Amino acid sequence: QTFKNIYLKIKTAADLVVQLSTSLKTKPDVVDFGTVFTDHMLTVEWNANDGWQTPLIRPFGDLSLHPACSALHYAVELFEGLKVYRGDDKRLRLFRPLLNMERMSKSAERACLPAFDQSELLGCIKRLIEIDQDWVPHLGPACLYIRPTFIGTEPSLGVKKPNRALLYVIMCQAGSYFNTELSLWADPKYTRAWKGGTGDCKMGGNYGGTLFAQLEAGSYGCQQVLWLYGEDHQITEGGTMNIFLHWINEDGDEELATPPLDGTILPGVTRQSILDLARKWDEFKVLERYLTMGQLCSALKQQRLKEMFGSGTACRVCHIGSIVYEEKNLQLPNQDKHSLSSRIATELTDIQVSR
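Each chain has its residues counted from 1, following the order in which its sequence is written. Predicted model: local features are reported for residues with pLDDT of at least 70 only, side-chain atom pairs are reported and counted for 80 or more only, and whole-chain, interface and lining totals are derived from all residues. Side-chain metrics rest on all non-hydrogen atoms present in the structure, leaving aside hydrogens and water.

**Q** Summarise the UniProt feature "modified residue: N6-(pyridoxal phosphate)lysine" (unreviewed entry) in the protein chain; cite the residues concerned and give the values.
**A** Following the UniProt record, one finds the feature "modified residue: N6-(pyridoxal phosphate)lysine" (unreviewed entry) at Lys202. Think of it this way: any DSSP run of H or I at least four residues long counts as a helix, any run of E at least two long counts as a strand, and we number them from the N terminus. With respect to the helices and strands, the residue lysine 202 is situated in the loop between strand E11 (182–186) and helix H4 (205–208). On the basis of relative accessibility, which here comes to 11%, the residue lysine 202 falls in the buried class. Setting aside its immediate chain neighbours within four residues, lysine 202 contacts Leu78, Phe79, Glu80, Gly81, Arg103, Ser107, Tyr207 and Leu266. UniProt positions are given in the numbering used here, feature names are shortened, and annotations may be inferred rather than shown by experiment. Relative accessibility decides the category of a residue: with a 1.4 Å probe and only protein chains considered, values under 20% of the type maximum give buried, values over 50% give exposed, and everything between is partly exposed. When checking whether two residues touch, look at their non-hydrogen atoms; a contact exists if any pair is within 4.5 Å.

Shown next, in the form of structure tokens:
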């Protein structure tokens, strides 16, 4: 099936060891995204001589790392992000987690970190969710955010493929990532990713390097950066989101378009889900194509732009209201209950909690 939620009927690695916490935390009602974590975490160590060690679920706590570990010095690390939902029937569901496991595996290969069994890792994550299932909200589309992380722990300052690594998973309450429609600042002097780089992998270095530009975006009254690439100012991503344009294209056809996966774009699970949904509807053209700021400005001037929005696991679907570009404040069409992003958000929520 195009969309397949994974029910949490637990079947995990046979040798998984569980150490339960003796002191459970109080669960707050409202929190900022990524600030309050559950009672337990999963850790699995690896070394070149012995391979993968026994996976361990233990009380949430600090990690002990060698001061020379390769993750700290050379950013040999990556992460994933997925969510678990409590459905209308009270069952817990993961939304398309196999896509996350596949993307994590590809990121690990690019980072020269060891391969892992995707189904075994997913089984261990399911067990962790079962243990901390009381943290999954009971009301509405709220959810619990899962953060698998993979780091090189080689205790050496040599720049080389690590002989030691740690894979761990933590979970946190997922409050609102963005509370209002977004304003973006677009300036080609900063680049998020480039062809031949690691923009298509979920590595921490892709994000840490964006903070300076985000601060400058704030000085223009914008919340995030619209990342551009090349002399023709190709639109790539917005903040940490994939970007979509719903418009009447140059040929007069209604179209939903998003930049192609050419190595500069993260292959988002929500992105893929939106493409799958829109193609299933078969109501307008759905294309992965290059988009430039020149094309966007022309469409806006000619009133061909219906909507621009972003997507991601944390933000889900987020309407973009304005863009500061070449000293102009571009006001984009308003979102309403009949907009495509609203329809997509509703449909995704239904899939995540009901199917």
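The discussion continues.
**Q** Tell me what's going on with unusual backbone geometry, and back it up with residues and numbers.
**A** The backbone of arginine 96 shows a phi angle near 50°, a positive value even though the residue is not glycine. Along the chain, the position of arginine 96 falls in the loop between strand E8 (92–95) and helix H2 (97–110).

**Q** Outline helix H6 (residues 269–281), listing residues and values.
**A** To estimate how far a helix should extend, the number of its residues minus one is multiplied by 1.5 Å. For H6, spanning 13 residues, the distance from its first C-alpha to its last is 18 Å, which sits close to the expected 18 Å at 1.5 Å a residue. Burial within H6 is extensive, with ten of its 13 residues counted as buried. When H6 is considered as a whole, its buried residues turn out to be Val269, Thr270, Arg271, Ser273, Ile274, Leu275, Asp276, Leu277, Ala278 and Trp281. Aspartate 282, located one to two residues past H6, shows a positive phi value of around 55°.

**Q** Account for the domain arrangement of the protein chain, with residues named and values stated.
**A** A common way to report how large an interface is uses the accessible area buried once the components associate. Domain parsing of the protein chain yields domain 1 (13–174) and domain 2 (182–353). Here the C-alpha centre of domain 2 lies 28 Å away from the C-alpha centre of domain 1. At the interface, 23 residues of domain 1 touch 24 residues of domain 2. When domain 1 packs against domain 2, close to 2,000 Å² is buried across both sides, 61% of that on carbon and sulfur atoms. We define a salt bridge as a contact between a side-chain nitrogen of Lys or Arg and a carboxyl oxygen of Asp or Glu at a distance within 4 Å. Across the domain 1-domain 2 interface, the total number found is one salt bridge. Each domain's limits were defined by an automated method or a database of domain assignments. Joining two parts hides part of their accessible area as seen by a 1.4 Å probe, and the buried area is that hidden amount summed over both.

**Q** Tell me about the pattern of salt bridges, residues and numbers included.
**A** Oppositely charged side chains are able to pair whenever their charged atoms sit close together. All told, the structure shown has 15 salt bridges when counted by the stated rule. Across the pair aspartate 262 and lysine 195 runs a salt bridge, and its minimum N-O distance is 4.0 Å. Here lysine 195 lies in the loop between E11 and H4 and aspartate 262 lies in the loop between strand E15 (254–258) and H6, a separation of 67 residues in the sequence. A relative accessible area of 43% means that lysine 195 is categorised as partly exposed. The residue lysine 285 makes a salt bridge to aspartate 253 at a minimum N-O spacing of 3.0 Å. Note that lysine 285 is positioned in strand E16 (residues 285–288) and aspartate 253 in the loop between strand E14 (241–248) and E15, a separation of 32 residues in sequence. We classify lysine 285 as partly exposed; its relative accessible area is 38%. What makes aspartate 253 partly exposed here is its relative accessible area of 28%. One network of salt bridges, with partners in common, ties together Glu250, Glu255 and Arg289.

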